[in-house]
Amino acid sequence: MTMINSVSDLLNNQDEALEAYEKISETFNFRMDILSEDYPDTFAGCYLDENILVIQLTDSKDQEIYLKACDYSPYVRFEIKDYSFEDLKSLETQAYETFHMNIVKSYADVKENVVVLGVPQEEYKLYQKQQSKSSLPIKIIQENAEKIIVENESISTTNITDTLYANGNLMKGGEKIYHTYNTTCSMSICFFGTYQNKPALITCGHSNPVGTNISYNGISLGNVLYQGLKKFNSIRNGVILPTSNGDFSIIDISNHPELISDKVLGQNDVSISTTKSANVIAGLQVSYYGYMSGYGTATIEHTLVTFIILI
């Protein structure tokens, strides 16, 4: 699924609040969608509330420095919270080792100022009792974790005849790609870039082990070079811990760089040029396109969410 976040895709009433956030993000060198090494000590997170940027702090004395950073934007308000964002992210990391539970989803909920831990349905009631005895800012929720079968990395592929397309048929974000040896195993193009100095595209990680050959419209593009998949396969002190990162794979398309474009599919399947990368924040209104789901709009609820794949 491709997220479309150029300025023209945002609702007009969010532009000023988003601009204020981007100025603060640049000034303090942090983002809400990429884990930063050093968040300000009193910073408790921020999010968009319609056309207002809500900045959360643990101490109101620091409001002035944030107002100055965003040029005293009138589209900003402040909230005082008990825990800093750094505190919440540290607690989330520690939870995997210190809490005796199998966590399949976790994130810092900036609005509620708590760490959310998703656990399997069958264990939820047990952990509710454990939560009631804790004074930590932790909220435990029931998460229906699906087991995903990850195919063996030793895959034999069948070569197919390449059919080159004219420039009018360039690949676009949101279009379908599939396993060369199994056309029923398909996914959406996310976006293009380079990896190991080679033209590449990124898509989902599950079912895409390294070496898998990927095709598009009858064209064999190339093989998966990297698979990022956070999964359960490490046990410490009786608790299953996640390893690896993300759910994405990187595909070498250096055999067909002429098919790369800056286009993604939008409403009514009209191609849109991507001109700006988004600094994503909770409350941001976005558009998306996936080859199965088609076009749609959504509001970002949380960022920096960790999911665990069961295998």
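A brief report on the enclosed structure follows. (Residues numbered from 1 in each chain as written. Predicted model: local features only at pLDDT ≥ 70, side-chain atom pairs only at ≥ 80, totals over all residues. Heavy atoms only, no water.)

**Considerations on the overall build of the chain**
So, point 1. Within the chain, the regular secondary structure consists of four helices and 19 strands.
So, point 2. Out of the 311 residues in the chain, the part that is buried amounts to 46%.
So, point 3. Across the chain, the fraction of contacts at a sequence separation of at least 24, relative to all contacts at a separation of at least 6, is 59%.
So, point 4. Accessible surface, the chain as shown: approximately 16000 Å² in total, 47% of it carbon and sulfur. (Helix = DSSP H or I, 4+ residues; strand = E, 2+ residues; numbered from the N terminus. Buried < 20%, exposed > 50% of the residue type's maximum accessible area, 1.4 Å probe, protein only. Contact = heavy atoms within 4.5 Å. Areas by Shrake-Rupley, 256 points an atom, 1.4 Å probe, with all protein chains shown as cover.)

**Re the packing of aromatic side chains**
So, point 1. Evaluation of the coordinates by the stated rule reveals 10 aromatic pairs.
So, point 2. Ring geometry for Phe43 against Tyr66: centres 6.3 Å apart, planes inclined by 20°, an arrangement best described as stacked. Separated by 23 residues along the polypeptide, Phe43 in strand β2 (residues 43-49) and Tyr66 in helix α2 (residues 63-69) bring together distant segments of the chain.
So, point 3. Owing to a relative accessible area of 1%, Tyr66 belongs among the buried residues under this scheme.
So, point 4. Linked through ring pairs, Phe28, Phe30, Tyr39, Phe43, Tyr66 and Phe85 together constitute an aromatic cluster. (Phe/Tyr/Trp six-rings, centres within 6.5 Å; stacked < 30°, edge-to-face > 60°.)

**Points about the sheet that holds β2**
So, point 1. Reading across from one edge, β2-β3-β4 is the order of the three strands in this open sheet, with mixed pairing throughout. Two strands in the sheet have a free side with no partner beyond their single neighbour: β2 and β4 (76-80). For this sheet, the mean angle separating the axes of adjacent strands, direction not counted, is 20°.
So, point 2. Alignment of β2 against strand β3 (residues 52-57), held across six bridges, turns out to be antiparallel. (Pairing = 2+ DSSP bridges. Axes fitted to C-alpha atoms, helices over the stretch in contact; angles between N-to-C directions.)

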